[in-house]
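Results of the structural survey
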Amino acid sequence: MSAATESPARGCNGTASPTPLLDRLAALRPAERWPLARDFIANEARAFFAELRAHAPIYETSEVTLVAKRADVIEVLSLPKVFTVDLYKPKMGDFMLAMDETIVNYRDKSVMRAILAWDDLPKIRAIAAEVADTALDAAGCEIEAVQQLARHVPMRIVQHCFGIHGPDQDLLDWSYANQMDQFNNLPYDDRPDAEAIHQAAEDSRVKLRTLFAQLIPARIAEIKAGTAPDDSLTRILSLNLPAADHFGMDRVVINVGGLLIGAIETTAEAVINALAELFARPEALAGARAAAEAGDDAAFDGYVWEALRFSPIVAFMFREAASTITIAQGTDREKVIGKGTVVLPLSLSAMFDPDFVPDPEAFRPDRPFHTYLHFGYGHHECLGRYVGSVMIPEIVKRVLKRPAARPLAPVDMAGTPFPQSYRIGLG
């Protein structure tokens, strides 16, 4: 019997079991285990993952297989032709994120990396600071930080830096609809509203294409007149790639549109999670504020990334096995993963694996950045990681530079996967 399927060890002589959560799963029929495991991930993730790492590091349920050890998570994410992103395809079509080591992925990612220049990062950070400060000043003594700040700032970056000049509420709605469908509406989620969520995303993509049908001709005219702003849309339309590269207007729309979908909701959740985690840790909060006042961005950012280790925007990624493979070969946990298996590499668990992360339960803002998996890993690492790496901590910093900033209520998820409200006092 493999380590993934053994019944967890139970305590004797009346002592408490070292695996109370796994014991609860073991008491259920296999078909009943995933819903409870999903509840553990939502509400007791670190305790559940610690039990998995120690006792069942590759854990099978009827719907998915959970992978908890850092080495195994990295193995899964390093084999994109085996552990594929096929689950994305019904949601994303021919967007590069739904393709593994293909010509389209290679070409589109290269084009997008060329227009998302590293030289832009100081400007993006400065814009994030200016927009955040303006929002905080306008709010007075209290701000609803989700709508007025955490979503608002990346929306302005989308408009001013990416060149997607659409109505504010439309951009917010389109980003939210697609994030819900692409990452929170998978077959293993078994949502009763799955069709409605998918239809909302489809409708938003039609509206986004309509917007681009207006933006692109106008921007081409500005480019010809020499009056176009220097943003992502201008850059991609100015490339003049040969027809042989097969990067026409359809690829412009799907890739620049992807910047919108990827930027707003993920940034907002990261900002809110980091703020809530730091506000709950007085010592870390004092250190972060001191770094902010000293203008030490490198030190300050470390507090944000470490806060997000404890409260990341996602606890896992998802992949589908295209062929049968044995992972963790040569270890006592090696496991055959069958073709078609949905595998969840548990990124949160990997960031607490003591085999890789020293003293994982300690809050240490000086950890090396490779400790973290906030932007994924490997072939499908987040395209916007460098934009996010300056935008997210800068928004958090603008709040913490306000000495009176404090939470007035817990983060309200309103029954969704994303924060919907977080009231912060400022005066």
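Reading the values: the criteria
Residues numbered from 1 in each chain as written. Predicted model: local features only at pLDDT ≥ 70, side-chain atom pairs only at ≥ 80, totals over all residues. Heavy atoms only, no water. Helix = DSSP H or I, 4+ residues; strand = E, 2+ residues; numbered from the N terminus. Rg over C-alpha atoms; globule rule 2.2 N^0.38 Å. Buried < 20%, exposed > 50% of the residue type's maximum accessible area, 1.4 Å probe, protein only. Contact = heavy atoms within 4.5 Å. Areas by Shrake-Rupley, 256 points an atom, 1.4 Å probe, with all protein chains shown as cover. Lys, Arg positive; Asp, Glu negative; His and termini not counted. Charge placed at Lys NZ, Arg CZ, Asp CG, Glu CD. pLDDT = per-residue confidence, 0-100. Pairing = 2+ DSSP bridges. Salt bridge = Lys/Arg side-chain N within 4 Å of Asp/Glu carboxyl O. Axes fitted to C-alpha atoms, helices over the stretch in contact; angles between N-to-C directions. Parallel < 35°, antiparallel > 145°, perpendicular 65-115°, else oblique. Left-handed = near helix turned anticlockwise from the far one by under 90°. Nonpolar A, V, L, I, M, F, W, Y, C, P; charged D, E, K, R; others polar.

Here's the deal with the overall build of the protein
Of regular secondary structure, the protein possesses 17 helices and ten strands. Over its C-alpha atoms the protein spans a radius of gyration of 22 Å, differing by no more than 12% from the 22 Å that the globule rule assigns to 427 residues. Taken along the three principal axes of its C-alpha coordinates, the protein extends 80 × 55 × 40 Å. When each of the 427 residues of the protein is scored for burial, the buried share is 53%. Counted over contacts in the protein with a minimum sequence separation of 6, partners at least 24 positions apart contribute 68%. Accessible surface, the protein as shown: approximately 18500 Å² in total, 55% of it carbon and sulfur. Positive and negative side-chain charges in the protein, numbering 43 and 57 respectively, have mean positions lying 1 Å apart.

Some remarks on the confidence of the model for the protein
Summary statistics for the protein give a mean pLDDT of 95 and a share of 97% for residues scoring 70 or more. Between residues 1-12, whose pLDDT stays under 50, and residues either more than four places distant or in other chains, the model counts 28 contacts.

Some points on the environment of Leu373
Along the chain, the position of Leu373 falls in the loop between helix H16 (347-350) and helix H17 (385-400). Note: C-alpha distance between Leu373 and Leu426 (53 residues apart in sequence) is 32 Å.

Some thoughts on the sheet that holds strand E9 (residues 406-407)
Sheet architecture is open: three strands sit in the order E4-E10-E9, paired in antiparallel fashion. Edge positions in the sheet fall to strand E4 (142-144) and E9, since each has one partner strand and no second. Bridging between E4 and strand E10 (residues 423-425) involves three bridges; their strand directions are antiparallel. Looking at E10, one finds that Ile143 is bridged to Ile424.

Quick notes on the sheet that holds strand E1 (residues 58-60)
Consider a sheet: its strands pair through backbone hydrogen bonds, and that pairing is either parallel or antiparallel. The strand order across the open sheet built from five strands is E1-E2-E8-E5-E3, with neighbouring strands paired in mixed fashion. In this open sheet, the two strands that pair with only one neighbour each are E1 and strand E3 (83-84). By the bridge criterion, two bridges tie strand E5 (residues 319-321) to strand E8 (residues 342-345) in an arrangement that is antiparallel. Each residue of the ladder has a partner; that of Arg319, found in E8, is Val343.

Topic: the side chain of Asn273
On the secondary structure map, Asn273 appears in helix H13 (residues 249-279). Exposure remark for Asn273: the relative accessible area of 12% places this residue in the buried category. Not counting residues within four places of it along the chain, the set of residues in contact with Asn273 comprises Leu308, Ser311, Pro312, Ile313 and Pro419.

Remarks on the pattern of salt bridges
Inspection of every chain in the model, using the stated rule, returns 36 salt bridges. Glu60 is the partner of Lys335 in a salt bridge, and the nearest nitrogen-oxygen pair spans 3.1 Å. Of the two residues, Lys335 is situated in strand E7 (residues 335-337) and Glu60 in strand E1; the sequence distance between them amounts to 275 residues. Judged by its relative accessible area of 30%, Glu60 is partly exposed. Between Glu277 and Arg281 there is a salt bridge; the shortest N-O distance is 2.8 Å.

Focus: the packing of helix H11 (residues 194-225) against H13
Direction vectors running N to C along H11 and H13 enclose 110°, while the axes themselves pass 11 Å from each other. As far as their axial angle goes, H13 and H11 are roughly perpendicular. Between H11 and H13 the crossing geometry is right-handed. Contacts between H11 and H13 pair Leu208, Arg209, Phe212, Ile216 and Ile220 from the former with Met249, Val252, Val253, Val256, Gly257 and Leu260 from the latter. Among the residues making up the contact of H11 with H13, the classes are represented as nine nonpolar, one polar and one charged.

As for unusual backbone geometry
Positive phi outside glycine occurs at Glu101, with the angle close to 50°. Taking the relative accessible area as the measure of exposure, Glu101 reaches 47% and is therefore partly exposed. You will see that His246, though not glycine, has its phi angle at about 55°, which is positive. Within the secondary structure layout, His246 lies in the loop between helix H12 (232-237) and H13. Look at His246 and you get exposed, because its relative accessible area is 58%.

Observations concerning the environment of Arg235
In this structure, Arg235 sits in helix H12. Residues Arg235 and Ile124, spaced 111 residues apart in sequence, show a C-alpha to C-alpha distance of 16 Å. Once residues lying within four places of it in the same chain are set aside, the contact partners of Arg235 are Ile115, Ala117, Asp120 and Asp230.

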